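# Structure at a glance
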Amino acid sequence: MVAFVLENMKKGQTLTGKVIRLDFPNRGIVETEAGYCVVKNTLPGQMITLTINKIRKSLPEGRLKSIDQKSPLEITSTCPHFGKCGGCIMQNLPYDEQLRIKEEQLRRLLDLENFTGIHPSPRQFGYRNKMEFSFGDEYKDGPLALGMHRRESFYDIVTVDECQLVDEDYRRILQYTREYFAGYSHYHRMKHLGFLRHLLIRKAARTEEILIALVTTSQENHDLTGWVKGLLELGLTGQVNGILHIINDSVADIVRADELKIIYGQDWFYEDILGLRFKITAFSFFQTNSLGAEVLYEIAREYIGDIKSLDINQHKPIIYDLYCGTGTITQLLAPIAEKVIGVDIVEEAIIAACENAKLNGLHNCEFIAGDVLKVLDDIKEKPDFIVLDPPRDGLHPKALKKILAYDIPRLLYISCKPTSLNRDLKEFAAYGYTVSRAAAVDLFPATGNVEVVCLLAK
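Thresholds applied
- Residues numbered from 1 in each chain as written.
- Predicted model: local features only at pLDDT ≥ 70, side-chain atom pairs only at ≥ 80, totals over all residues.
- Heavy atoms only, no water.
- Helix = DSSP H or I, 4+ residues; strand = E, 2+ residues; numbered from the N terminus.
- Pairing = 2+ DSSP bridges.
- Axes fitted to C-alpha atoms, helices over the stretch in contact; angles between N-to-C directions.
- Contact = heavy atoms within 4.5 Å.
- Salt bridge = Lys/Arg side-chain N within 4 Å of Asp/Glu carboxyl O.
- Buried < 20%, exposed > 50% of the residue type's maximum accessible area, 1.4 Å probe, protein only.
- Phe/Tyr/Trp six-rings, centres within 6.5 Å; stacked < 30°, edge-to-face > 60°.
- Lys NZ or Arg CZ within 6 Å of the ring centre and 35° of its normal.
- Patch = residues over 30% accessible without salt bridge, like charges linked within 9 Å, V, L, I, M, F, W, Y side chains within 5 Å.
- Areas by Shrake-Rupley, 256 points an atom, 1.4 Å probe, with all protein chains shown as cover.
- Polar contact = N/O pair within 3.5 Å; in protein donor to acceptor, adjacent residues only side chain to side chain.

## Quick look at unusual backbone geometry
For the bond from F24 to P25, the omega torsion is 0°, close enough to zero to count as cis. Its location among the elements puts P25 in the loop between β1 (14-23) and β2 (27-32). Phi is positive for E208, close to 60°, though the residue is something other than glycine. You will see that A446, though not glycine, has its phi angle at about 80°, which is positive. On the secondary structure map, A446 appears in the loop between β21 (434-441) and β22 (451-457).

## Quick look at the sheet that holds strand β8 (residues 144-149)
The mixed open sheet is built from 7 strands, whose spatial order is β9-β8-β7-β10-β11-β12-β13. Where the open sheet ends on each side, the last strands, each with one partner, are β9 (157-159) and β13 (259-265). Averaged over all pairs of adjacent strands, the angle between their axes in this sheet comes to 35°, without regard to strand direction. Sheet analysis places strand β11 (residues 209-216) next to strand β12 (residues 239-247), joined by 8 bridges and oriented parallel. Bridged to L214 within β12 is H245. Contacts from helix α2 (residues 168-180) reach β7 (130-137), β8, β9, β10 (196-203) and β11, with the element oriented near 160° to β10. Lying over the sheet, helix α3 (residues 225-232) contacts β10, β11, β12 and β13, oriented at roughly 155° with respect to β12.

## Topic: the sheet that holds β22
Across the sheet, 8 strands lie side by side as β6-β21-β22-β20-β19-β16-β17-β18; this open sheet has mixed pairing. Here the strands that pair on one side only, and so sit at the sheet edges, are β6 (115-119) and β18 (365-369). Across the sheet, the mean angle separating the axes of adjacent strands is 15° when strand polarity is ignored. Pairing of strand β16 (residues 318-322) with strand β17 (residues 339-344) involves 5 bridges; the strand directions are parallel.

## Description of the side chain of D424
By the element assignment, D424 lies in helix α9 (residues 418-430). Each residue touching D424, except ones within four places of it in the same chain, is listed here: G394, L395, L400 and Y413.

## Regarding the pattern of salt bridges
One pass over the structure, following the stated rule, counts 27 salt bridges. For R100, the salt bridge goes to E104, with nearest N and O atoms at 2.8 Å. Of this pair, R100 and E104 are both found in helix α1 (residues 95-110), 4 residues apart, which corresponds to roughly one turn of the helix. Overall, the relative accessible area of 33% leaves R100 in the partly exposed class.

## Section: the packing of aromatic side chains
Taken as a whole, this structure holds 10 aromatic pairs when the rule is applied. Three or more aromatic residues joined by ring pairs form one cluster here, namely F135, Y176, Y180, F181, Y184 and W227. R151 extends its terminal NZ or CZ atom over the ring of F82, reaching a point 5.4 Å from the ring centre.

## Some words on a nonpolar patch on the surface
Together, F154, Y155 and M190 make up a nonpolar patch on the protein surface, roughly 330 Å² of accessible area in all. In this structure, M190 sits in the loop between α2 and β10.

## Some remarks on the environment of H192
Position of H192 relative to the elements: it lies in the loop between α2 and β10. What makes H192 partly exposed here is its relative accessible area of 31%. Counting along the chain gives 31 residues from H192 to D161, while the straight-line C-alpha distance between them is 26 Å. Here the side chain of H192 touches Y187 through a polar contact of 3.0 Å, side chain to side chain.

Next comes the structure, spelled out in C-alpha cells:
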C-alpha cells in the first residue's frame, strides 16, 4: 500500500472510494483519490461514500455515509435486523468467505509460520449460549425496545426478535418479555432514571437447560409473578432451570448484581463439554459457543498432549491454568498432570470451578480466586507448563513478566483478541519463545471476532 498524503485529507471531508481489504477487527481499508483511510462496517469490494472524522498518525478514519455499489462477495442476509443492529458485520457474506477473510486478517496481523488456518464453527447460526439484551427505545421517546444497540449508537436499541445468532427459544423469550413489559419505564443512560435494564438468557447446547435473568434498578417495585408464569407457559424446546431478578443500580451500562433474587427454580444450569459436566451461573465465564469451544479445546488438548512425552523432572507436570473461568481447561488437563492450579479474579467462577471438579471426580485440581498478578506470588508449587486464556485486553505487563520469570519450556496462549495476542507474542519473542503451533477457531460467525490458540516453545 502506498502512503497517503496527510495534507490531502481533512476532517469533515467527503470522499468516495473502494474497500480493498478488511483488517481486524472491523477496519475496512479504503482507497480514495486523496489516499487511504479506515472505515468500519464495510466489506472488500464495496464502493462507498465516507466522511473523514478523525485524522491520525497512521491512517485517517472515516464514517460510512452510503454503500454506492455492493461487493461481488455479498449475499442477502438471513437476518432482517442486519445493518441496523450492531452485533454482526459479516451476516451478508457466505460462511466460507467469512472464514477466508478472518484467516487473511490473522495471517497479516500475526505473521506466524506455523499457523495452520481457521476451523469453522459447527453451527453457523443459533450458536450462542448466552445473550445480554438491553431495554431502551429505537428513537427518542419511542415504544419499548429490547435487543441490541443500533449500529454506531450508544443509546438507540433495536428489537432483535429474529436474531440469527440464537435459537428459537431465545427469540420467544425476548418477544414475550418485551410485550409483557410494554409501558414500563426503561433505564435512561444519561438521566440514570428508570426500571428495566437488561434481559440475560443462557442456554446450554448439550443439555438445553435455560437460565433467565431480568436486570432492573431498585427505583421501582413491581410484582414479577405474571412474567414468570408466562415464561413457563411458552412451551420452549429447552427446560427453564431458573428465573432470576437481578438488581443493578450501577451507573455503568453493564450487567452486574447489587442483589440477586431467585424467583423460580435455581440460579445455575449444567453444560456438557467433551465428556465433562460444568455448572454455570448467571455470571460464570464460559465460552459463548459451546460446540465451537469443543473444537477449540480439542486443539488445545492436542497441543498440550505434546508434554506427555516430556521428561519433566521425572514426574507428571504441575500446570497453571491462568484466567481459568469455571475451570474448563483445568479439568481437561487433570488426567495428564500431577496437579492443575486454576486462577481467576471472579470469585463466583472459582466457586463453580471447585464444584465442577468435584462433580467430575477430579481430585488434583486446585482453584484460587484472585488477581493473577498477585496470586502468582503466593503459589508455592512452580509450574512445568502454563495455560493462558486472558480477557480481551491480554496480559497485564507485570503479570507477563512474572510468567516469563518461570522460564518454562512451553506454554499455551488462548486469545479472543488477536491484536492483544500480537502485542504479547512480541514480549514472549524477546525472551526467546517462538510459536511452534497455532490455529484459529471461528467461535463467533457473522461477527468480526475470532479465537486463536498458540503453543509457545522456548
